[in-house]
Amino acid sequence: MAGGQTDGEDKVSLELTEEIIQSMEVGMAFRDYTGRISSMDFHKTSNFLVTASDDESIRLYDVANATCLKTINSKKYGIDLVSFTSHPTTVIYSSKNGWDESLRLLSLHDNKYLRYFRGHHDRVVSLSLCARAEHFISGSLDRTVLLWDQRADKCQGLLRVQGRPATAYDDQGLIFAVAFGGSIRMFDSRNYEKGPFEIFSVGGDVSDANVVKFSNDGRLMLLTTKDGHVHVLDSFRGTLLGTYNVKPVSSNSTLEACFSPEGMFVISGSGDGSVYAWNIRSGKEVGSWLSNENETPVIKWAPGSLMFVTGSSELSFWIPDLSKLAAYVGRK
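The numbering scheme is per chain: residues are counted from 1 as the chain's sequence reads. Only residues with pLDDT of at least 70 are given local features in this predicted model, and only at 80 or more are side-chain atom pairs given and counted; all residues enter the totals for whole chains, interfaces and linings. Computation of side-chain values: all heavy atoms of the structure, hydrogens and water removed.

Q: Explain the environment of Ile37 residue by residue, including any values.
A: Segments assigned H or I by DSSP are reported as helices when at least four residues long, segments assigned E as strands when at least two residues long, and all are numbered from the N terminus. Structurally, the position occupied by Ile37 is in strand E2 (residues 37-42). In sequence terms Ile37 and Ser57 are 20 residues apart; their C-alpha atoms lie 9.3 Å from each other. Residue contacts are counted whenever heavy atoms from the two residues lie within 4.5 Å of one another. Residue contacts for Ile37: discarding those within four places in its chain leaves Thr51, Ala52, Ser53, Val298, Gly311, Ser312, Glu314 and Leu315.

Q: Go over the nonpolar core, please, and point to the residues and values.
A: We define the nonpolar core as a collection of buried residues of types Ala, Val, Leu, Ile, Met, Phe, Trp, Tyr and Cys that are connected through side-chain atoms lying within 4.5 Å of one another. Throughout this description, buried means an accessible area under 20% of the type-specific maximum (1.4 Å probe, protein chains only), exposed means over 50%, and partly exposed covers the range between. Counting 18 residues, the largest nonpolar core has Leu16, Ile21, Ile267, Ala277, Trp289, Trp301 and Phe308 as its most contacted members. Counting only elements with at least two residues in this core, the list comes to helix H2 (18-22), strand E23 (265-269), strand E24 (275-279), strand E25 (285-289) and strand E26 (298-301). By size, the runner-up hydrophobic cluster in this structure holds 15 residues, among which are Met40, Val298, Met307 and Ile319.

Q: How would you summarise the packing of aromatic side chains if you had to cite specific residues and measurements?
A: Centres within 6.5 Å are what make two rings of Phe, Tyr or Trp a pair, Trp counting through its six-membered ring; a difference in plane orientation under 30 degrees is then read as stacked, over 60 as edge-to-face, and the rest as tilted. Counted under the stated rule, the structure contains 18 aromatic pairs. Both rings, one in Phe136 and one in Trp148, keep their centres 5.9 Å apart while their planes meet at 10°; by these two values the pair is stacked. With Phe136 in strand E11 (residues 135-140) and Trp148 in strand E12 (residues 144-149), this residue pair connects regions lying 12 residues apart in the sequence. Taking relative accessible area as the criterion, Phe136 reaches 0% and is therefore assigned buried. Considering the side-chain rings of Phe308 and Trp318, the 5.4 Å spacing of their centres and the 10° angle between planes classify their relative orientation as stacked. Of this pair, Phe308 sits in strand E27 (residues 308-311) while Trp318 is found in strand E28 (residues 315-320), placing the two residues 10 residues apart along the sequence.

Pasting the structure below:
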């Protein structure tokens, strides 16, 4: 990728700093979408990225070579959320047609459905796959959270919630979180039937949950809400470490935020398409980038890399401009 990582050194050895964050700029963009990008996911152990968009397409990218490898259309069912399984060319996705809320296991290699997961009766708004097993969880506007095994058609467990749910597994797959109604409920994935072992408050914000995520090391978690708040908590004690307010708020889009790989920074979109970054330790805003968009972008940080990606009406890869950083000028 022009201007991006050239080898393993930049990808691994450069420690992410505020200076590097501030130098981030779009190094590559794909502008051939005819609908807004609604979801995307990086595969954890390959160079692949998958996107879903309102033009009813699923696209597979080779990030290392900045190329789109494949486009698959889902005209019959539509597509909203998409996540990789452990296999780099197999995904699970939710539909967006309003009449069939099944989840689908799809092989991108040969465009074949491997399994249907039926159980929800309204739009699926949260999808999280376990990194260590063939399990995943889904949350729906029907106020249920369903637990699945990729090898079985029927759900393995059901949790009822009192609001729009956001769900996430931790990186070890031992714990999952379900957020709704101003709190985050923590479950042991092996004994979820016993109910949550912890319930964390998020400072009185009772607006609808958008997304909940764990940091890579599992020590932190974040929750975004409809009112434009990004809450960061200690995932062991439930202590609220900081709240970042994103303006303007978009009532039509899901507010997404994510941790940087080492968990020092949070980046988020906003309702006018702008992107912001904060230092978790200091609580200060350390970067902002304006946009010509008018929708909240989907945002993901590439695993183990100095790069994040935003998706709206186009797909943009953000990388540091090392020529602007005195410490790296002249480095081979």
